[in-house]
Amino acid sequence: MATSVYLSNPNVTINSVDLRDQCTSATLNYVYEQLETTAFGDTARKFGASTVTSLQNNTIEVELYQSYVASETEATIFGLVGIQTTIIVKPTSAAVSATNPSYTLTGCYLASHTPINASLGELSLLTLTFAGGVLTKSVA
């Protein structure tokens, strides 16, 4: 059985700013909400057939090192709270291809941000969850 592995090194761009040098993790969840089509007389629950399309309910969670330098983490994130933005994530920094697809989440929403998350002797990390938006995948 053939296997394929890669070293996790995602390329993360938030609101057109490349933050891969500050990013320690990225988790993209591609979700369509379930539409129940169960009717009286059915003996089991049924969910949307191929002709029934539900809404996307995507999320992306990123963990970033906090940086107050111009055009880094804080300068990029602070103004995004409460508005829609776009995030682009690729498995690696290589060119977009079938083996390195680009995922773009357009119109996602950041509800909250913790500008200071500090502990003595530790690097400051932020965990941000962007919700909603339309996910598209590009392989070229």
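Located above this text is the structure these notes cover.
What you see as residue numbers is a count from 1 along each chain, following the sequence as written. With pLDDT at 70 or above as the cut-off, local features in this predicted model cover only qualifying residues; side-chain atom pairs require 80 or more to be listed or tallied, and sums for whole chains, interfaces and linings still use all residues. The basis for the side-chain values is all heavy atoms of the structure; hydrogens and waters are excluded.

**Q** Where do I start with the overall build of the chain in this structure?
**A** Regarding its fold elements, the chain presents one helix and eight strands. Numbering of helices and strands runs from the N terminus, with a helix taken as a DSSP run of H or I at least four residues long and a strand as a DSSP run of E at least two residues long. Taken from the N to the C terminus, the helices and strands of the chain come in the order β-β-β-β-α-β-β-β-β. As a reference, a globule follows 2.2 Å times the number of residues to the power 0.38, and the radius of gyration itself is taken over C-alpha atoms. Computed over C-alpha atoms, the radius of gyration of the chain comes to 18 Å, more than 25% over the 14 Å expected from 2.2 N^0.38 for 140 residues, which places it beyond the range of a compact globule. Burial status across the chain gives 28% buried among its 140 residues. The contact criterion used throughout is that any non-hydrogen atoms of two residues lie within 4.5 Å. Sequence separation of 24 or more characterises 66% of the internal contacts of the chain that already satisfy a separation of 6 or more. Using a 1.4 Å probe, accessible areas were evaluated by the Shrake-Rupley method; residue-level cover was limited to the displayed protein chains. When the accessible surface of the chain is summed, it comes to about 9100 Å², and 55% of that surface belongs to carbon and sulfur atoms. Under the counting rule used here, the positive set is Lys and Arg, the negative set is Asp and Glu, and His together with the chain ends is not counted. In plain terms, the charge of a residue is placed at NZ if it is Lys, CZ if Arg, CG if Asp and CD if Glu. The chain carries 5 positive and 10 negative side-chain charges, and their two centres are separated by 15 Å. Exposure categories follow from relative accessible area, calculated using a 1.4 Å probe and restricted to protein chains: below 20% of the type maximum is buried, above 50% is exposed, and the middle band is partly exposed.

**Q** Help me out: how do you make sense of the packing of aromatic side chains in this one?
**A** One pair of aromatic rings is described through two measures. These are the centre distance and the angle between the planes. Only rings of Phe, Tyr and Trp enter the pairing, Trp through its six-membered ring, and a pair is recorded when the two centres are within 6.5 Å. The plane angle decides the type: under 30 degrees is stacked, over 60 is edge-to-face, the rest tilted. Summed over all chains, the structure comprises one aromatic pair. Note on Tyr-30 and Tyr-32: the rings are 5.8 Å apart at their centroids and 70° apart in plane angle, and the pair reads as edge-to-face. Of the residues examined, Tyr-30 reaches a relative accessible area of 52% and is grouped as exposed.

**Q** Help me understand the pairing of strand β6 (residues 102-110), please; the structure alone is not making it clear to me.
**A** Sheet faces and side chains relate simply in a regular strand, where the side chains alternate between the two faces. As paired strands, strand β5 (residues 84-90) and β6 are joined by six bridges and run antiparallel to one another. From the neighbouring strand, Thr-86 faces β6, where its bridge partner is Thr-106. A pair of strands counts as paired when DSSP detects no fewer than two bridges linking them. As defined by bridge partners, β6 adjoins strand β8 (residues 134-138) across five bridges and the pair is classed as antiparallel. The residue bridging Tyr-103 from the neighbouring strand is Lys-137, located in β8. Of the pairings in the sheet, the one linking β6 to strand β7 (residues 125-131) comprises two bridges and is antiparallel in character. If you follow Tyr-109 over to β7, its bridge partner there is Ala-131.

**Q** Which parts of the structure should I look at to understand the nonpolar core?
**A** In a soluble, globular protein the nonpolar side chains are often hidden away together inside. By size, the foremost hydrophobic cluster in this structure holds 17 residues, and its most contacted members are Ile-14, Val-62, Leu-64 and Phe-130. Those residues within four positions of Leu-64 in sequence are excluded, and the remaining contacts are Ile-14, Leu-19, Gln-22, Cys-23, Thr-73, Ile-77, Ser-124, Leu-125, Leu-126 and Leu-128. Definition of nonpolar core: a set of buried residues of the types Ala, Val, Leu, Ile, Met, Phe, Trp, Tyr and Cys, connected through side-chain atoms within 4.5 Å.

**Q** Is there a simple way to think about the side chain of Asn-100 in this case?
**A** Residue placement: Asn-100 occurs in the loop between β5 and β6. Judged by its relative accessible area of 3%, Asn-100 is buried. Discounting chain neighbours no more than four positions away, the residues touching Asn-100 are Lys-90, Pro-91, Thr-92, Ala-94 and Ala-95.

**Q** Is there a simple way to explain unusual backbone geometry in this structure?
**A** One can expect most non-glycine residues to show negative phi and most peptide bonds to be in trans. If you check the backbone angles, Ser-16 has positive phi at about 70° while not being a glycine. On the accessibility criterion, Ser-16 (72% relative accessible area) is exposed. With a phi close to 65°, Ser-71 is a non-glycine residue in the positive phi region. Take Ser-71: it is sitting in the loop between β4 (59-65) and α1 (73-77). With a relative accessible area of 53%, Ser-71 lands in the exposed category.

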